[in-house]
Amino acid sequence: MSALSIPTQKSDLTLGWLNAALFNKDGEIDGPIQNVEVETIGTGVGLVGGLYRCSLSYAPADTFEPSSVVVKIRSDDPKSLKVAKTFLLYQKEVAFYHDIAPSTPIVVPKLHHCAFDPSSHDFVLVLEDLDRLDVPNQLIGGSEEQGRIAIRHAARLHARFWNKVNEPPLKGYFSLVAPSFTVKIHVGFHNSVAKVLDVFAQQLSPVAKDLIKTFGNNLAGHYHEMAQGPRTLTHGDYRLDNMFFGHGDDPELVVIDWQTNGIGVGMADVAYFMAGSLDPNVRQSIERDAIADYHEITSAEGGATWSLDECWQAYRQAFVAAMTVPVIAAGELSLDNERAFELVQTGIRRMNAALEQLDVEEFMPHRRSIFSFAGFQSTLANQMARFVPTGNP
């Protein structure tokens, strides 16, 4: 993409580097930016990366844009960096912005520059600064209106690629349900269960604890079975902290942080958002209408062939998979930052409420025969988990 060096720390975001990244892609450092101020943003929000705002000043006689950009680079925490490498988080986000974003109906930040080094997994994204838009507080939870907006936009994203994953631009793209990937997810989840049940015991009911333990032994096979249905492009971490809401002439919604994007089951995005980003009372008040909107949009714009009752059943079933992100985050990522810990704790508590209120136990995967492909996958993943140190998938 560019021969320009990839910054790995805040001090690398120099005047020369930004001039080259924004105005001179051939590596020349001379440019119109005369001064840059770099501040750390998103502490405790982005758990697997460094996030910085660069405020830019230009020569008085010149009128250049942008006045500021947001730069995203790799994490400096070894544990989080290990997770990023294992699940290809940096590679996938650069690939999304470079190759997929132009085809999506959902609005994302404008890309100014990106690069990824496959040998070190160093990466950089220079993106549009969205500070003019409103960012809800994940810990407080979204409003009913924000919840409905988020689900409508998820539906449009999923409808655009509904059962078109073998066509450009998704042909050959990262799959979240391929055996090679789901086994990694299974190992990470399986080895996170003990820590989650210990550290977050007060947030989990006996029913939820049993569901998490059961899912931990059967995840790979369950994902295999889910993948037999419709697939589409999914965000993978569809939550309030990754959303900016507009007003006036601004876009209604802009979605960021595409590190976990890939080909998967669309309803997993929906269940994950509803369980993790909304207070349980807000979720319950809108979920029937929100799922009806999702059904209408995916049917009309994506050609989905399902009844509203089948869509509702898929929503409830997806809560089994929606456990994946909060459990792995709780077990595998560094939660030394106070807000990061609160974020995971709140997500676990809300997930617990959803698991009980929607009675998802009937969808919980049970151990399949080892002679079935789903059973073989789970058995293999469980054996692999025995040789992977806890905390390092």
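What counts and how
- Residues numbered from 1 in each chain as written.
- Predicted model: local features only at pLDDT ≥ 70, side-chain atom pairs only at ≥ 80, totals over all residues.
- Heavy atoms only, no water.
- Helix = DSSP H or I, 4+ residues; strand = E, 2+ residues; numbered from the N terminus.
- Rg over C-alpha atoms; globule rule 2.2 N^0.38 Å.
- Buried < 20%, exposed > 50% of the residue type's maximum accessible area, 1.4 Å probe, protein only.
- Contact = heavy atoms within 4.5 Å.
- Lys, Arg positive; Asp, Glu negative; His and termini not counted.
- Charge placed at Lys NZ, Arg CZ, Asp CG, Glu CD.
- Axes fitted to C-alpha atoms, helices over the stretch in contact; angles between N-to-C directions.
- Parallel < 35°, antiparallel > 145°, perpendicular 65-115°, else oblique.
- Left-handed = near helix turned anticlockwise from the far one by under 90°.
- Nonpolar A, V, L, I, M, F, W, Y, C, P; charged D, E, K, R; others polar.
- Pairing = 2+ DSSP bridges.
- Expected span 1.5 Å × (residues − 1).
- Polar contact = N/O pair within 3.5 Å; in protein donor to acceptor, adjacent residues only side chain to side chain.
- Phe/Tyr/Trp six-rings, centres within 6.5 Å; stacked < 30°, edge-to-face > 60°.

A.B. asks: Hey, could you run me through the overall build of the chain in this one?
C.D. replies: Helix and strand counts for the chain stand at 13 helices and 9 strands. For a compact globule of 393 residues, the expected C-alpha radius of gyration is about 21 Å, and the chain comes in at 21 Å, within 12% of that figure. Projected onto its principal axes, the C-alpha positions of the chain cover 70 × 45 × 40 Å. Here the chain holds 393 residues, and 55% of them are scored as buried. Long-range contacts, defined here as pairs at least 24 residues apart, represent 74% of the contacts in the chain between residues at least 6 apart. The average position of the 32 basic charges and that of the 47 acidic charges among the side chains of the chain differ by 7 Å.

A.B. asks: Looking at this model, I keep getting lost on the packing of helix 4 (residues 144-160) against helix 9 (residues 280-302). Mind explaining?
C.D. replies: When two helices pack together, their arrangement is given by the angle between the helix axes and by the axis-to-axis distance. Two elements in contact, helix 4 and helix 9, have axes separated by 9 Å at closest approach and are oriented at 25 degrees. Taken as axis vectors, helix 4 and helix 9 run roughly parallel relative to one another. Seen along the crossing, helix 4 lies across helix 9 with a hand that is right-handed. Judged by residue contacts, Glu144, Gly147, Arg148, Ile151, Arg152, Ala154, Ala155, Arg156, His158 and Ala159 of helix 4 engage Val282, Ser285, Ile286, Asp289, Ala290, Asp293, Tyr294, Ile297, Thr298, Glu301 and Gly302 from helix 9. Per-class residue counts for the contact of helix 4 with helix 9 are 9 nonpolar, 5 polar and 7 charged.

A.B. asks: Where do I start with the sheet that holds strand 5 (residues 123-128) in this structure?
C.D. replies: Strand pairing in a sheet relies on backbone hydrogen bonds, with the paired strands running either antiparallel or parallel. Ordered in space as 1-2-3-5-4, the 5 strands form an open sheet in which the pairing is antiparallel. One side of each edge strand has no neighbouring strand; the edge strands of this open sheet are strand 1 (33-40) and strand 4 (111-116). Strand-to-strand, the axes of this sheet are offset by a mean angle of 20 degrees, without reference to chain direction. Alignment of strand 4 against strand 5, held across 5 bridges, turns out to be antiparallel. Across the sheet, Cys114 pairs through a bridge with Leu125, a residue of strand 5. Running over the sheet, helix 1 (residues 15-23) touches strand 1, strand 2 (50-58), strand 3 (68-73), strand 4 and strand 5 and is turned about 105 degrees from strand 1.

A.B. asks: What exactly am I supposed to notice about helix 8 (residues 266-277) here?
C.D. replies: Residue pairs spaced three or four apart in an α-helix point in one direction, given the helix's 3.6 residues per turn. With 12 residues, helix 8 extends 17 Å between its outermost C-alpha atoms, agreeing within 8% with the 16 Å of an ideal straight helix rising 1.5 Å per residue. Extensive coverage of helix 8 is indicated by the burial of 11 of its 12 residues. Among the residues making up helix 8, those that are buried are Gly266, Met267, Asp269, Val270, Ala271, Tyr272, Phe273, Met274, Ala275, Gly276 and Ser277.

A.B. asks: What should I look at first to understand the side chain of Gln259 in this one?
C.D. replies: Along the chain, Gln259 turns up in the loop between strand 8 (253-255) and strand 9 (262-264). Of note is the side chain of Gln259, whose polar atom sits 3.3 Å from the backbone oxygen of Val48. Within the structure, Gln259 has its side chain in polar contact with the side chain of Glu93 (distance 3.4 Å). Setting aside anything within four residues of it in sequence, one finds Gln259 in contact with Val48, Lys72, Leu89, Tyr90, Lys92, Glu93 and Phe123.

A.B. asks: I tried to follow the packing of aromatic side chains on my own but got confused; where do I start?
C.D. replies: Two descriptors summarise a pair of aromatic rings, namely the distance from one centre to the other and the angle between the planes of the rings. Inspection of the entire model under this criterion finds 15 aromatic pairs. Seen in terms of ring centroids, Phe23 and Phe64 are 5.5 Å apart; in terms of plane orientation they differ by 75 degrees. Their pairing is edge-to-face. One end of the pair, Phe23, is in helix 1; the other, Phe64, is in the loop between strand 2 and strand 3, and 41 residues separate them in sequence. By relative accessible area, which is 30% here, Phe23 ends up partly exposed.

A.B. asks: Any chance you could explain the packing of helix 9 against helix 12 (residues 338-357) here in plain terms?
C.D. replies: As a packed pair, helix 9 and helix 12 sit with axes 10 Å apart at the nearest point and diverge in direction by 45 degrees. In terms of orientation, helix 9 lies oblique with respect to helix 12. Helix 12 is crossed by helix 9, and the crossing has right-handed handedness. Each of Pro280, Arg283 and Gln284 in helix 9 lies in contact with helix 12, whose residues at this interface are Arg350, Ala353, Ala354 and Gln357. Of the residues in the contact of helix 9 with helix 12, the class split is 3 nonpolar, 2 polar and 2 charged.

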